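Residues per chain, in single letters:
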Amino acid sequence: MKQRSAGKPDIELGKRIRLRRVEMKVSQAELGEKLGVSFQQVQKYEKGVNRVGAARLQQIATALDVPVTFFYDGDNKAREVESLLFLDSAFSLRLLRAYSKIKDQTVQRQLVSLMESIAANEA
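Residues numbered from 1 in each chain as written. Predicted model: local features only at pLDDT ≥ 70, side-chain atom pairs only at ≥ 80, totals over all residues. Heavy atoms only, no water.

Trainee: Got a minute to help me understand a nonpolar patch on the surface in this structure?
Mentor: Side chains of Phe91, Leu95 and Met115 sit close together on the surface and give an oily, nonpolar patch of about 300 Å² of accessible area. In this fold, Met115 is placed in helix H7 (residues 105–122). (Patch = residues over 30% accessible without salt bridge, like charges linked within 9 Å, V, L, I, M, F, W, Y side chains within 5 Å. Areas by Shrake-Rupley, 256 points an atom, 1.4 Å probe, with all protein chains shown as cover. Salt bridge = Lys/Arg side-chain N within 4 Å of Asp/Glu carboxyl O. Helix = DSSP H or I, 4+ residues; strand = E, 2+ residues; numbered from the N terminus.)

Trainee: Got a minute to help me understand the packing of aromatic side chains in this structure?
Mentor: By the definition in use, this model includes one aromatic pair. Ring centres 5.3 Å apart and planes at 90° place the aromatic pair Phe70 and Phe71 in the edge-to-face group. Comparing Phe70 with Phe71 shows no difference in burial state: the two are buried. (Phe/Tyr/Trp six-rings, centres within 6.5 Å; stacked < 30°, edge-to-face > 60°. Buried < 20%, exposed > 50% of the residue type's maximum accessible area, 1.4 Å probe, protein only.)

Trainee: Even after reading the chapter, I still don't get the packing of helix H1 (residues 8–23) against helix H3 (residues 39–47), so can you show me in this structure?
Mentor: Viewed as axis vectors pointing N to C, H1 and H3 meet at an angle of 120°, and their least axial separation amounts to 6 Å. Accordingly, the angle class assigned to the pair H1 and H3 is oblique. Contacts between H1 and H3 pair Asp10, Ile11, Gly14, Lys15, Ile17, Arg18 and Arg21 from the former with Tyr45, Glu46 and Lys47 from the latter. Partitioning the contact of H1 with H3 into residue classes produces three nonpolar, one polar and six charged. (Axes fitted to C-alpha atoms, helices over the stretch in contact; angles between N-to-C directions. Parallel < 35°, antiparallel > 145°, perpendicular 65-115°, else oblique. Contact = heavy atoms within 4.5 Å. Nonpolar A, V, L, I, M, F, W, Y, C, P; charged D, E, K, R; others polar.)

Trainee: For this particular structure, what's the right way to read unusual backbone geometry?
Mentor: In the Ramachandran plot, Lys25 falls in the positive-phi region, its phi being about 60° despite a non-glycine side chain. On the secondary structure map, Lys25 appears in the loop between H1 and helix H2 (28–35). Of note, the phi angle at Asp65 is positive, near 55°, even though the residue is not glycine. Its place among the elements puts Asp65 in the loop between helix H4 (54–63) and helix H5 (78–84).

Trainee: I keep staring at the pattern of salt bridges and nothing clicks. Help me out?
Mentor: Pairing between side chains of opposite charge can happen when the charged atoms of each approach one another. All told, the structure shown has four salt bridges when counted by the stated rule. Residues Asp10 and Arg51 are paired through a salt bridge, measuring 3.4 Å at the closest nitrogen-oxygen approach. Here the residue Asp10 occupies a position in helix H1, and Arg51 occupies one in the loop between H3 and H4, the gap between them amounting to 41 residues. Taking the relative accessible area as the measure of exposure, Asp10 reaches 11% and is therefore buried. Residue Arg51 is classed as partly exposed on the basis of its relative accessible area of 36%. Across the pair Arg20 and Glu23 runs a salt bridge, and its minimum N-O distance is 2.9 Å. Highlighted residues: Arg20 and Glu23, both in helix H1, separated by three residues, approximately one helical turn. A relative accessible area of 15% means that Arg20 is categorised as buried.

Quick look at the structure:
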């Protein structure tokens, strides 16, 4: 019986695992410890080299405090999750964290408008 190799869905799943892990400021070693695997295994999951089984995905979701559905498209949240995948850089995470600390919605709207104006001028 031929073993299935990891493919594009595994890579996308790995990106979402990494997104949440970095968002929670958890290292690969810390996540691996919670799962009972090495940090190298966590790297393989995140890169899509190794497939993540259902039971392991449940463990990852529990360790990262999200529902399993966080890792899948659907319910019109696919775009939202995909747009968050840009958070691969430390700068993007800093920007999002700073924005989320702003409590005044008027200031948030003004900041978004300013960024959209800057982006429109760049295009």
